[in-house]
There are 2 protein chains.
Amino acid sequence: MQTMKSIAINPDRLLDNLYELRKFGQYKTGVVRQVYSRADMDSRRWLWEQMVQAGLDARIDGIGNVIGYSGKSLPTLLLGSHTDSQPVGGWLDGSYGVICALEICRALAENPDTAHMSVDIAAWADEQNTYHDFLGCQGFLGLLPPQVINTAIRNDGHRLEDALLAAGLDGISEQFLPDRYLGYLGIHIEQGPRLDIAQKTVGVVNQIAGCREFSVSFFGQSNHAGSTPMAMRHDAGLAMMEFVSVLNRRYHQQATRQSVWTIGEVQLDPGAACVIPGKAVMTLQLRDPSEKQLERMEQVLWQMSRVMHKGLKVDIQVEKTINTPPVQLDGKVQEVLCQAAEQHCPQRWQVMSSGAIHNVALFSRFMPSGLLFVPSIGGVSHSVDEDTSEEDLITGCQVMADAAAELISLAS
Amino acid sequence: MQTMKSIAINPDRLLDNLYELRKFGQYKTGVVRQVYSRADMDSRRWLWEQMVQAGLDARIDGIGNVIGYSGKSLPTLLLGSHTDSQPVGGWLDGSYGVICALEICRALAENPDTAHMSVDIAAWADEQNTYHDFLGCQGFLGLLPPQVINTAIRNDGHRLEDALLAAGLDGISEQFLPDRYLGYLGIHIEQGPRLDIAQKTVGVVNQIAGCREFSVSFFGQSNHAGSTPMAMRHDAGLAMMEFVSVLNRRYHQQATRQSVWTIGEVQLDPGAACVIPGKAVMTLQLRDPSEKQLERMEQVLWQMSRVMHKGLKVDIQVEKTINTPPVQLDGKVQEVLCQAAEQHCPQRWQVMSSGAIHNVALFSRFMPSGLLFVPSIGGVSHSVDEDTSEEDLITGCQVMADAAAELISLAS
């Protein structure tokens, strides 16, 4: 294996920029920076300035994407992530990828050997699905149905249209030029515990799990909790919980090591302590990198819903609400990422799948794409406790920088 | 058994009044008449007029109780129920008891043989626990802690203080004179299916089940639903559902025919489809007419919470929020009610316990008290579908009227 060029990134600048970005909407050690909030828009303007200072032709487009275009000659590598947060989020989720992109752009420009390399960088809007899943990069990639801008709403009913208006945005996004790009690279915290437990510094993602989501409803009969004997009840809540208990057992029997299933939302109706629930609704999310395994797990759900309603004395209705297929990432890009990882943290990296969906999955439909992970301490994410050691943050950026330069060299 | 005097009630007036009362807040065949709402206050003023026309000294007190005092010589029998509804309620829940009381008061006055008999009637405020459990009759009985008026809030945060102010009420209730009353009688729809299934017309209640309510909390670790492997999860929601499944099995094994248990409220935190619940909270209500059985069921809960947290990989916290002991109703009053029932619907009545708590349980601490049930068709209540045949409504009132007259005769 030939040795790659090592790019001189500036670790202090990388960390300083990360801490500076955290100040926008900082809450304890995390951030409250939901898309289009004041803190979010302030952070976008700050980022725009950083891009301009880095010599890019930078724009905040009409849906809030901050994109910095290189003026150098093609082919261009696109590096991106996001800076918007969960309602209460961690400081690295997305932000780390954006600041790495900025650092790599600067480092390449500062090195005479690489100053000619063309890199665009971007922070996509609403990656956290506040109004719409991957709103920003879907807009950029031309994947966004036009009605979304006028119809999307936040959980609490707030309209995307109004949020854009308040943020001074016109709803029209930049569109990408496919011929411009040789590929797309991202880096992200793992948001899970595998690297941390394995004491690895870098993960090279080979595939992104597919996700199928279902809304499962149980229809019973609401009634007084005191005066209705157990034998005469049609308790939708209890039925749901018994159903989940069996489903959980079945899934444990047939799960691969990468299968996960989650019931994140549950609602009982009418939801009063002294009333037997007449209706219960839950969301069920299935994730696995194998389409076949997802299909097997889905079939268990359908089969159980057809069989168990009688014993549980309720009607069961299943509706599929999300069906995102698994994605295999580009082999050549992976190879370069592995090589860079081996150079900077020999034997402390691994190839792994991603359980979370990332914007890389969308870009991979249009160009060779790759994704790196750095460890999340304790596997914690979507929490103010989310963290990664400074050493790992620096190594991750270094691996990505070298891989970026190598990919541009190879394509030139 | 000696034959009782039969009181000539007016069935058409009884039904007309019931239908007229339904018009206040009518929704489909039920009512939306939560306490202190406009419809509720309108219905109280209407009821006050009916009482005045029936010759009573009627008042709407400072917490909304509508009370009609008889001017006749002691001893007095008190008849009461409530007219406020669940958020969406049935037309007979409470209202039937109030209109029966009104009809009996009129019927006794119209009959020269019984015109001397002294009957007070009342519609107690907030029997449906919109702001506070049994607010109205607790106030009347002097059981209400004084701070309740200033601190009680509705589920949505609306303050009792503000509701009273808006309704023009000063928060000060009438207080009962213990020496005035020989006893208390109520009649209510069963709100359960037992009479309907047994094809009985009347139930004479001998005991009211006790109720213990618990808030059970499960503390896990919130995390990303995609990137956290199953083996590393501390899923509070799944733990709750597995816990309930085992609890349900244990309770089925040790239940008496009258034991019921209900999980009416459940909350997952943060409650998003793609986030593993870090916290889950549920209410558990246990009811049984036997204190011993309630204690056994409670112990199972404590025991399970101490044993299962390890396997479920969560912390479990149990808090007892309600502890209402079972109530045995007065034997002599029961005897009179049984005799009246046998006279008007021979063999179509039964002695039974009440799973629901009724204000009779509170009055029984101060005076001999009795409670009659009429069937709920299909056992349905707290729903616009709640109904009872007109024939049963009339017979129930007739049984209560005869028993009332007999109780007053016996005490004179």
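Figured I'd write up the structure that's included with this text. (Residues numbered from 1 in each chain as written. Chains lettered and ligands numbered in written order. Predicted model: local features only at pLDDT ≥ 70, side-chain atom pairs only at ≥ 80, totals over all residues. Heavy atoms only, no water.)

## Things to note about the overall build of chain A
When helices and strands are tallied, chain A shows twelve helices and 18 strands. Counting only C-alpha atoms and orienting by the principal axes, one finds that chain A spans roughly 80 × 50 × 40 Å. Within chain A, the fraction of its 412 residues that count as buried is 61%. Of the contacts made within chain A by residues no fewer than 6 positions apart, 79% connect residues no fewer than 24 positions apart. (Helix = DSSP H or I, 4+ residues; strand = E, 2+ residues; numbered from the N terminus. Buried < 20%, exposed > 50% of the residue type's maximum accessible area, 1.4 Å probe, protein only. Contact = heavy atoms within 4.5 Å.)

## Here we look at the packing of helix α1 (residues 11-22) of chain A against helix α12 (residues 390-411) of chain A
Residues and elements named next belong to chain A. α12 packs onto α1 with a crossing angle of 115° between their chain directions and a minimal axis gap of 10 Å. The angle between the axes of α1 and α12 places the two elements in the roughly perpendicular class. Note that α1 runs across α12; the crossing there is right-handed. Residue-level contacts link P11, L14, L15, L18 and Y19 of α1 to E390, L393, I394 and C397 of α12. Split by residue class, the contact of α1 with α12 holds eight nonpolar, no polar and one charged. (Axes fitted to C-alpha atoms, helices over the stretch in contact; angles between N-to-C directions. Parallel < 35°, antiparallel > 145°, perpendicular 65-115°, else oblique. Left-handed = near helix turned anticlockwise from the far one by under 90°. Nonpolar A, V, L, I, M, F, W, Y, C, P; charged D, E, K, R; others polar.)

## Some remarks on the relation of the copies chain B and chain A
Note on the identical chains: chain B maps onto chain A by a rotation of 180° and an axial translation of 0.2 Å, with an RMSD of 0.2 Å. Such a turn and shift between the copies fits a two-fold axis. The rotation axis passes nearest to the C-alpha of M241 of chain B in chain B, at a distance of 2.4 Å. (Least-squares fit on C-alpha atoms with pLDDT ≥ 70 in both.)

## Remarks on the interface of chain B and chain A
Contacts between chain B and chain A engage 51 residues on the former and 51 residues on the latter. The contact between chain B and chain A buries some 4,400 Å² in all, and 61% of this surface belongs to carbon and sulfur atoms. The largest per-residue losses of area from chain B upon contact with chain A belong to M230, M241 and A273 of chain B, which jointly make up 14% of the total buried on that side. The tally of links between chain B and chain A comes to 16 residue pairs in polar contact (both at pLDDT 80 or more). Considering every element that reaches the side of chain B that touches chain A, the biggest residue donor is helix α8 (residues 236-254) of chain B, with eight residues. (Buried area = accessible area lost by both parts, 1.4 Å probe. Polar contact = N/O pair within 3.5 Å; in protein donor to acceptor, adjacent residues only side chain to side chain.)

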